[in-house]
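Observations on the three-dimensional arrangement
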Amino acid sequence: MSRLLAISDLHLDYEVNRQALLELLPRPGDWLILAGDVGDSPEHLEFALATLAPRFRQLIWVPGNHDLWTLPGAAHGLRGVELYEHQVELCRSYGALTPEDPYATWDGLGPPCVIAPLFLLYDYSFRPVDVRLEKALEWAAESGVMGADEGFLHPDPYPSRSAWCEARCRQTEERLARLPRGLPVVLVNHFPLRQDLVRMPLAPRFSLWCGTRRTEDWHTRYHAIAVVSGHLHIRATDWRDGVRFEECSLGYPRQWQPERGLAAYLREILPGPVVRRV
């Protein structure tokens, strides 16, 4: 029977990462989550979809911040919501599920559940309580940190990334609330859902670009049995309130071992471990 696997942050703008993807052996019975930051352009996403769609039973995609970048001179000329919607249609052309599609019912190994791909962004709320919002970027810059999104991730037609995040969270809350009460869910989002999972010792103030406090309790509110994310480039398994959180990044070439092959970095989400921790 099928297993549910996940990986994020493939960053296919790097040749070594592209080559590793090409060398990944087929797993025709399994589902694969692509949890964002496939690359810096729709061309990178299409490369991944064309490579992986024939090798897996089902692909599920959520966007990361890099996927939403509009770099100077970008051939597609798209920004913000238009760029996101373009990539949604690209995924659909390869049969991949997106945050805009009906949630899929899992029928493979592990408990029956719904798989919910999310697109939520961030709102600069992952910061100390004594740092005011209007001072947040200044606070990050004091440590030499400034997210590249400030130049490349455009929120059009929303007035800000925070406003886009608020709209996405509100829409998603309404949708998740309509699920049958008590039905287990696998939540999939590029950005971590909890601030306490953002552990970046080399750049702690990068937390501003890592999520929103609005999702801190979503794992319990929506009966999650697992939460999948990426973005941090620090692979980890954590437990909160008996729910397993999987950070499944591959990352830049210096952050993984190409000699091990990409298969070594696929994270099994379902059936997953049988032990539940509190």
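For the structure, see preceding data.
In this text, all values refer to a predicted model and were calculated from it rather than measured experimentally.

Overall, mixed pairing links the four strands, which are arranged S3-S2-S1-S10 in an open sheet. Bordering the open sheet on either side are strand S3 (56–61) and strand S10 (267–270), each of which pairs with just one other strand. Ignoring strand direction, the axes of neighbouring strands in this sheet form an average angle of 30 degrees. Sitting on the sheet, helix H2 (residues 42–52) touches strand S2 (27–34) and S3, and the angle it makes with S3 is about 160 degrees.

This part covers helix H3 (residues 80–93). With 14 residues, H3 extends 20 Å from end C-alpha to end C-alpha; this agrees with the ideal 20 Å at 1.5 Å per step. Among the structural elements, H2, S3 and helix H6 (161–177) are those in contact with the buried residues of H3. Following H3 by one or two positions, Gly-95 adopts a phi angle in the positive range, close to 80 degrees.

Here the focus is the packing of helix H1 (residues 15–22) against H2. Between two packed helices, both the angle of their axes relative to each other and the distance between the axes serve to describe the pair. Where H1 meets H2, the closest approach of the two axes is 10 Å, and the angle between their N-to-C directions is 20 degrees. The pairing of H1 with H2 is recorded here as roughly parallel in orientation. The two elements H1 and H2 meet at a crossing, and its hand is right-handed. Two secondary-structure elements touch here, H1 through Arg-18, Leu-21 and Leu-22 and H2 through Phe-47, Ala-48, Thr-51 and Leu-52. Of the residues in the contact of H1 with H2, the class split is five nonpolar, one polar and one charged.

Among the nonpolar cores identified, the biggest contains 62 residues, and Ile-7, Leu-32, Leu-121 and Leu-187 are the most heavily contacted of them. In terms of residue count, the dominant contributor to this core is H3 (five residues). If we skip the residues at most four places from it in the chain, Leu-121 touches Leu-68, Leu-153, Arg-161, Trp-164, Cys-165, Phe-191, Gly-211 and Thr-212. Formed by 19 residues, the second largest nonpolar core is a distinct cluster that contains Trp-106, Cys-113, Ala-226 and Ile-269.

Another point: the pairing of strand S6 (residues 185–188). Where burial is concerned, the two faces of S6 agree: the one with Val-185 and Leu-187 and the one with Val-186 and Val-188 are both buried. In terms of strand pairing, strand S5 (residues 113–117) meets S6 through four bridges, oriented parallel. The partner of Ala-116 across the bridge, within S6, is Leu-187. Here four bridges tie S6 to strand S7 (residues 224–229), and the two strands are oriented parallel to one another. Residue pairing across strands places Val-186 opposite Ala-226, the latter belonging to S7.

Turning to H2, a few remarks are in order. Along H2, the positions that sit buried rather than exposed are Pro-42, His-44, Leu-45, Ala-48, Leu-49, Thr-51 and Leu-52. Next to the buried residues of H2 lie H1, S2, S3 and H3.

Quick look at the environment of Arg-55 now. Mapped onto the elements of the fold, Arg-55 is located in the loop between H2 and S3. By relative accessible area, Arg-55 is classed as buried at 18%. In sequence terms Arg-55 and Asp-30 are 25 residues apart; their C-alpha atoms lie 8.8 Å from each other. Aside from chain neighbours lying at most four places away, what touches Arg-55 is Leu-21, Leu-22, Glu-23, Leu-24, Pro-26, Arg-27 and Pro-28.

Conventions used here
- Residues numbered from 1 in each chain as written.
- Predicted model: local features only at pLDDT ≥ 70, side-chain atom pairs only at ≥ 80, totals over all residues.
- Heavy atoms only, no water.
- Pairing = 2+ DSSP bridges.
- Helix = DSSP H or I, 4+ residues; strand = E, 2+ residues; numbered from the N terminus.
- Axes fitted to C-alpha atoms, helices over the stretch in contact; angles between N-to-C directions.
- Contact = heavy atoms within 4.5 Å.
- Expected span 1.5 Å × (residues − 1).
- Parallel < 35°, antiparallel > 145°, perpendicular 65-115°, else oblique.
- Left-handed = near helix turned anticlockwise from the far one by under 90°.
- Nonpolar A, V, L, I, M, F, W, Y, C, P; charged D, E, K, R; others polar.
- Core = buried A, V, L, I, M, F, W, Y, C linked by side-chain atoms within 4.5 Å.
- Buried < 20%, exposed > 50% of the residue type's maximum accessible area, 1.4 Å probe, protein only.

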